[in-house]
Amino acid sequence: MDDATALIQQLEQDRAWLLEQIDRGRWQEFRLDLAALERELGQLLQRASEHFSYGADQR
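Just so it is clear, the structure is predicted and the values come from calculations on it, not from any experiment.

### Side note on the pattern of salt bridges
Then comes step 1: Scanning all chains against the criterion turns up 3 salt bridges.
Then comes step 2: The shortest N-O distance in the salt bridge between Glu-12 and Arg-15 comes to 3.3 Å. In this pair, Glu-12 and Arg-15 both sit in helix α1 (residues 2-23), 3 residues apart, roughly one turn of the helix.
Then comes step 3: What makes Glu-12 partly exposed here is its relative accessible area of 28%.

In structure tokens form, the structure reads like this:
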């Protein structure tokens, strides 16, 4: 459980870095694709956080 939580936190940090880079104008030719990827990653991480929170509540 701790490994999953740590992984989710690391991926959240990576997602924040990606969003910052997009906002700064990096990789302009891939901006739309990267923004879509960032949104999907955010949704995935939200679901994963909820899943692991729910699992911890069931103990």
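Past the structure itself, the notes keep going.
### Quick look at the environment of Ser-53
Then comes step 1: Looking at the element boundaries, Ser-53 is found in helix α2 (residues 31-57).
Then comes step 2: When the C-alpha atoms of Ser-53 and Thr-5 are compared, they prove to be 9.3 Å apart, with 48 residues separating the residues in sequence.

### Let's talk about α1
Then comes step 1: Between the first and last C-alpha of α1 there are 32 Å, a value that for 22 residues agrees with the 32 Å anticipated at 1.5 Å per step.
Then comes step 2: Among the residues making up α1, those that are buried are Ala-4, Ile-8, Leu-18, Gln-21 and Ile-22. Down the axis, α1 shows its buried residues gathered within 140° of arc, on one side only. Turned more than 90 degrees off the buried face of α1, the exposed positions are Asp-2, Gln-13 and Asp-23.
Then comes step 3: Among the residues trailing α1, Gly-25 stands out with phi positive, at a value near 95°.

Reading the values: rules and limits
Residues numbered from 1 in each chain as written. Predicted model: local features only at pLDDT ≥ 70, side-chain atom pairs only at ≥ 80, totals over all residues. Heavy atoms only, no water. Salt bridge = Lys/Arg side-chain N within 4 Å of Asp/Glu carboxyl O. Helix = DSSP H or I, 4+ residues; strand = E, 2+ residues; numbered from the N terminus. Buried < 20%, exposed > 50% of the residue type's maximum accessible area, 1.4 Å probe, protein only. Expected span 1.5 Å × (residues − 1). Arc of directions from axis to C-beta.

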